[in-house]
2 protein chains.
Amino acid sequence: MTDTPNDAAKTPRGTSRRDFLRTAGLAAGGAMVGAGAKAASPDPLITEVQPYASFLGEGVDATPYGMPIHFEDHVVRRNVEWLTADPISSINFTPIHALDGTITPQGCAFERHHSGAIEMSKDEYRLMITGLVDKPLVFTFGDLMRMPRVQHTYFCECAANGGMEWGGAQLNGAQFTHGMIHNMEYTGVSLRTLLNEAGVKPEGTWVYVEGHDASSNGRSIPMEKALDDCIVAFYANGEALRMEHGYPVRLVVPGWEGNMWVKWLRRIGVHDGPIESREETSKYTDLMPDGRARKWTWVMDAKSVITSPSPQVPVSHGPGPMVITGLAWSGRGKVTRVDVSVDGGVNWQEARIAGDPQSMAVTRFYFDHVWDGAPMFLQARAIDETGYVQPTKEQLRAIRGLNSIYHNNAIQTWYVNENGDAENVEVS
Amino acid sequence: MTDTPNDAAKTPRGTSRRDFLRTAGLAAGGAMVGAGAKAASPDPLITEVQPYASFLGEGVDATPYGMPIHFEDHVVRRNVEWLTADPISSINFTPIHALDGTITPQGCAFERHHSGAIEMSKDEYRLMITGLVDKPLVFTFGDLMRMPRVQHTYFCECAANGGMEWGGAQLNGAQFTHGMIHNMEYTGVSLRTLLNEAGVKPEGTWVYVEGHDASSNGRSIPMEKALDDCIVAFYANGEALRMEHGYPVRLVVPGWEGNMWVKWLRRIGVHDGPIESREETSKYTDLMPDGRARKWTWVMDAKSVITSPSPQVPVSHGPGPMVITGLAWSGRGKVTRVDVSVDGGVNWQEARIAGDPQSMAVTRFYFDHVWDGAPMFLQARAIDETGYVQPTKEQLRAIRGLNSIYHNNAIQTWYVNENGDAENVEVS
């Protein structure tokens, strides 16, 4: 890792989509349609009969539940050995560099456990509502399945995502710098519905949520949020939650830090104040330069990252048309704009957002670029519907210092050299 | 399977969501919150310390790419032996009865192969554009990755979905009657972009698309559709296509029958008319009562099915609140309304649609019902933005007769008896 000044940054070459197509049209016969240009030296993969054209493939009984094809074996969750010495209370990272679209498949969505993923059946499952309620309740899984369901796609980001980067460019890959995030379609019962069943007393202004696992991972949530959009979820991306994501039931706390999305949800206690648990005092607080700590920093502010190219996905071709793509999100609502810079933040151009951005869900952006082959300093910055603009590392450090672990939402830089190799750097 | 008249159908008991909650509130302490009512006989799963509270679970290294927990082993693709004697050229069914939300995970999304699923690497992959174009082109996978990408969620339904039901209630489960459908978020290059690169000659009014597999499964598509919304896709639900779904590249033809969504896409031929291949003459045409066949029946008309309760997912509890849920879709645009009947179509009530319906994508609906314990004849009917109303079996047969295999979009009936068991029946 190096700190690379951006004085070598080139004139931006980003173009609009229409420009891209025109340029690509002119370039046809070149790199863009390389194989097509080789009419004089026939491509045997086109001119020869391939085995696929005569052999029969695999039948429908082969995989009742399928896995990715072996060519994609590298698209998996990974951890960082020095960071995660104890795999039980640990973290791994979504391979965001190798994905596209917005949905994160459960199979490769990052995991964070405080005492390991537990194997609990629906029959064994119980959810309690206790404390300042008219009527304490216990729900079986079957009870929950009888209540009105809601459905929404949300991102879940660990507050520590990017936490290793406060002091400088550290981990060489989007998977490791920004991979503590996933984005899934959740189905379950509104937490509001359950609380209304129990009847919250007027003095019940907070809930304290705990899991069935040994850590219990208890977190306090203000009643206003609990009654707003939280979901007691049992399905993600259409199917049951996976074990590592809290089967059979987890809490979804839209836009707020992942630590509050308690897995294997066991109890919702209604209280007249926050509990001030370990998970909200010694952890999940932000140590400021003056030695005091920010707490209740629940919302995940607007953030973005270029997922390709990036250190794990270098540019595999020469100059010419290329797709720069990444993810943007905000815990405060919809992402309304994403800008991309190829010169380390000197010049910015608006990226295309794919589809209609959803509130507190991941948004995919594309920037169709014609690369001149010179080194690039790639950056993206997200802007959300509140008008908030993702800060630079300098701007963030000026306020927050260097003691923090959590809530680093600064702009990320990838340096791409003449060979297309990419590296995690800082520009200043 | 029996044909059951609906003269025994009961007064409808469907209620609005507000009614549901009020009723549930009154019923509290009853079945709804069954465990909570057992305060007098403590539930050891609540009163005793559980092993989860002291043991450590599974660490983050356990599953670099995770699978569903073993409790969900029944949620898999299944075939029907007598229907699919040859697994190579065959079909299986999405377990829609056990899913919720709208996304279909790739691992359990139905498969239809004409000569088996082939294993092709990205390096071996080639896509040709030939015929009436200014410049025939060959694209490598790398070439495609350099072109501007689009992203959209669409359903893919086999034209034969429900085909076994023309003659009467036949297969006892939503998975088997309606499971030849999946719904995924696709990312790829617009087919229009590729055709514009090649330059379609004025006389090029159709494309003929073929796969790399032995069947080639060629289909003709009018140029108007090819230039509209078709996607040459490489990602589904955020990750690479699975082998059985056409890795590395398949065609997405939004709203049109699944047979046209050619997998392992090999060639796009531009022609001045349709090819009239086997797949559009002896197959994928609809034999009418007079012996003539309808062809070019590409669009999948509006359809819906109740996924739970259904024969594979009986009502597992007594009378009281319950969730009736299902899927609705239309190849002509958005689903704007879904009605549910509990009395075999005598009375209809509007269901809740979850989220914002997307055009040519699956929509999830919920009907929060208070069951009185009497038998029900459950039906759903979809209405799309064109005003089209999903027909009854009688209405469809009056026009199409009984010779068809394809395009059965009639209303489905599940008979639910006093014990909660459900069965595929017809009402007349």
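For clarity, every value in this text was computed on a predicted model and none was experimentally measured. (Residues numbered from 1 in each chain as written. Chains lettered and ligands numbered in written order. Predicted model: local features only at pLDDT ≥ 70, side-chain atom pairs only at ≥ 80, totals over all residues. Heavy atoms only, no water.)

1. Let's talk about the interface of chain B and chain A
And then number 1: Contacts between chain B and chain A engage 109 residues on the former and 109 residues on the latter.
And then number 2: Here chain B and chain A share an interface that buries about 9,600 Å² over both sides, 57% of which is from carbon and sulfur atoms.
And then number 3: Looking at the side of chain B facing chain A, the largest losses of area belong to B:Y52, B:V60 and B:R146, adding up to 10% of the total buried there.
And then number 4: At the junction of chain B and chain A, the tally comes to 6 salt bridges.
And then number 5: Measuring nitrogen to oxygen at the nearest pair gives 3.2 Å for the salt bridge that ties A:E72 to B:K122.
And then number 6: Inspection of the chain B/chain A interface yields 40 residue pairs in polar contact (both at pLDDT 80 or more).
And then number 7: A breakdown of the residues in the side of chain B that touches chain A according to their chemical character gives 52 nonpolar, 30 polar and 27 charged. (Contact = heavy atoms within 4.5 Å. Buried area = accessible area lost by both parts, 1.4 Å probe. Salt bridge = Lys/Arg side-chain N within 4 Å of Asp/Glu carboxyl O. Polar contact = N/O pair within 3.5 Å; in protein donor to acceptor, adjacent residues only side chain to side chain. Nonpolar A, V, L, I, M, F, W, Y, C, P; charged D, E, K, R; others polar.)

2. Some points on the relation of the copies chain B and chain A
And then number 1: Once chain B has been moved 0.0 Å along the axis and rotated by 180 degrees, it coincides with chain A to within an RMSD of 0.0 Å. As the rotation angle and translation indicate, the two copies are arranged about a two-fold axis.
And then number 2: Of all interface residues in chain B, 100% are interface residues in chain A too; the two copies therefore contact each other through one and the same surface. (Least-squares fit on C-alpha atoms with pLDDT ≥ 70 in both.)

3. Overview of the pattern of salt bridges
And then number 1: Tallying each qualifying case throughout the model produces 48 salt bridges over all chains.
And then number 2: With a closest N to O distance of 2.8 Å, A:R77 and A:E244 form a salt bridge. With a gap of 167 residues between them, A:R77 in the loop between α3 (44–47) and β2 (90–91) and A:E244 in the loop between β11 (239–240) and β12 (250–252) connect regions that are remote in the sequence.
And then number 3: When its relative accessible area of 6% is taken as the criterion, A:E244 is described as buried.
And then number 4: For B:E279, the salt bridge goes to B:R278, with nearest N and O atoms at 3.1 Å.
And then number 5: B:E279 sits in the buried class, given a relative accessible area of 6%.
And then number 6: Among the residues examined, B:R278 registers a relative accessible area of 52% and is labelled exposed.
And then number 7: The network of salt bridges with common partners includes A:E165, A:K393, A:R397 and A:E426. (Helix = DSSP H or I, 4+ residues; strand = E, 2+ residues; numbered from the N terminus. Buried < 20%, exposed > 50% of the residue type's maximum accessible area, 1.4 Å probe, protein only.)

4. Quick look at helix α5 (residues 191–198) of chain B
Working note: α-helix, 3.6 residues per turn, so residues spaced by three or four point in the same direction.
And then number 1: Burial runs high along α5(B): 6 of the 8 residues are buried.
And then number 2: B:G199 sits one or two residues past α5(B) and shows a positive phi near 80 degrees.

5. Let's talk about the domain arrangement of chain A
Residues and elements named next belong to chain A.
And then number 1: Per the domain assignment, the segments of chain A are domain 1 (2–17 + 299–426) and domain 2 (90–294).
And then number 2: Here the C-alpha centroids of domain 1 and domain 2 sit 28 Å apart.
And then number 3: Roughly 3,800 Å² is buried in total at the junction of domain 1 and domain 2, and carbon and sulfur atoms are behind 56% of that figure.
And then number 4: When the buried area of domain 1 at its contact with domain 2 is split by residue, Q312, M360 and Y406 rank highest and sum to 19% of it.
And then number 5: One salt bridge in this structure joins K393 and E165, with 4.0 Å as the shortest N-O distance.
And then number 6: Elements with a minimum of two residues in the side of domain 1 that touches domain 2: β16 (303–308), β17 (320–329), β21 (363–371), α8 (393–400) and β24 (422–426).
And then number 7: By residue number, the principal contributor to the side of domain 1 that touches domain 2 is β16, which donates 6 residues.
And then number 8: Of the residues in the side of domain 1 that touches domain 2, the class split is 20 nonpolar, 17 polar and 7 charged. (Domains from an automatic or database assignment.)

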